[in-house]
Amino acid sequence: MYGEIDIEKLREDISEECYAGSFAGGMEEMGIGAMEVENASDKEVIQMAKELGINLRKYRV
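Just so it is clear, the model here is predicted, and its values are computed rather than measured. (Residues numbered from 1 in each chain as written. Predicted model: local features only at pLDDT ≥ 70, side-chain atom pairs only at ≥ 80, totals over all residues. Heavy atoms only, no water.)

1. Describing the overall build of the protein chain
Quick reminder of the rule: Strands are runs of DSSP state E lasting at least two residues, helices are runs of H or I lasting at least four, and both sets are numbered from the N terminus onward. We call a residue buried when its accessible area falls under 20% of the maximum for its residue type, exposed when it is over 50%, and partly exposed in between, using a 1.4 Å probe and counting protein chains only. Whether two residues are in contact is decided by their heavy atoms: any pair within 4.5 Å suffices. For accessible areas, the Shrake-Rupley method is used with a probe of radius 1.4 Å. Any residue's cover is judged against the shown protein chains and nothing else.
Of the regular secondary structure elements, the protein chain holds four helices and zero strands. Going residue by residue from the N terminus, the α and β elements of the protein chain occur as α-α-α-α. Burial statistics for the protein chain: of 61 residues in total, 34% are counted as buried. For the protein chain, long-range pairs separated by at least 24 residues make up 60% of all intrachain contacts whose partners lie at least 6 apart in sequence. For the protein chain, the accessible surface area stands at approximately 4200 Å², while carbon and sulfur atoms represent 49% of it.

Structure follows, in structure tokens:
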């Protein structure tokens, strides 16, 4: 559906958002923590990105 996605880049960007969001309390409310992102399967990372409203097209390879 999205073609090939650079999962590691996506995972890195979500982790950075988690660290930044933790200071504002935003990610905690969504139940997404940086450790969860690092340990998530590729499918779970894509689902997290969708929940965060991240444009997956930016991560096509």
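2. Here we look at the nonpolar core
Considering soluble globular proteins, one finds that nonpolar side chains tend to be buried as a cluster. Heads up, the rule is: Take the buried residues of types Ala, Val, Leu, Ile, Met, Phe, Trp, Tyr and Cys, join any two whose side-chain atoms come within 4.5 Å, and each joined set is a nonpolar core.
I5, L10, I14, A49 and I54 are the most contacted members of the largest nonpolar core, which has 14 residues in total. The set of elements that each furnish at least two residues to this core consists of α1 (7-24) and α4 (42-52). Here I5 is in contact with L10, I46, L56, Y59 and V61, once residues within four sequence places are set aside.

3. Points about the confidence of the model for the protein chain
Here is the rule: The predictor attaches a confidence to each residue, and that confidence, scored 0 to 100, is pLDDT.
Predicted confidence across the protein chain gives a mean pLDDT of 80, with 72% of residues reaching 70 or more. Mean pLDDT across the secondary structure elements of the protein chain bottoms out at helix α2 (residues 26-30), with 50, and peaks at α4, with 91.

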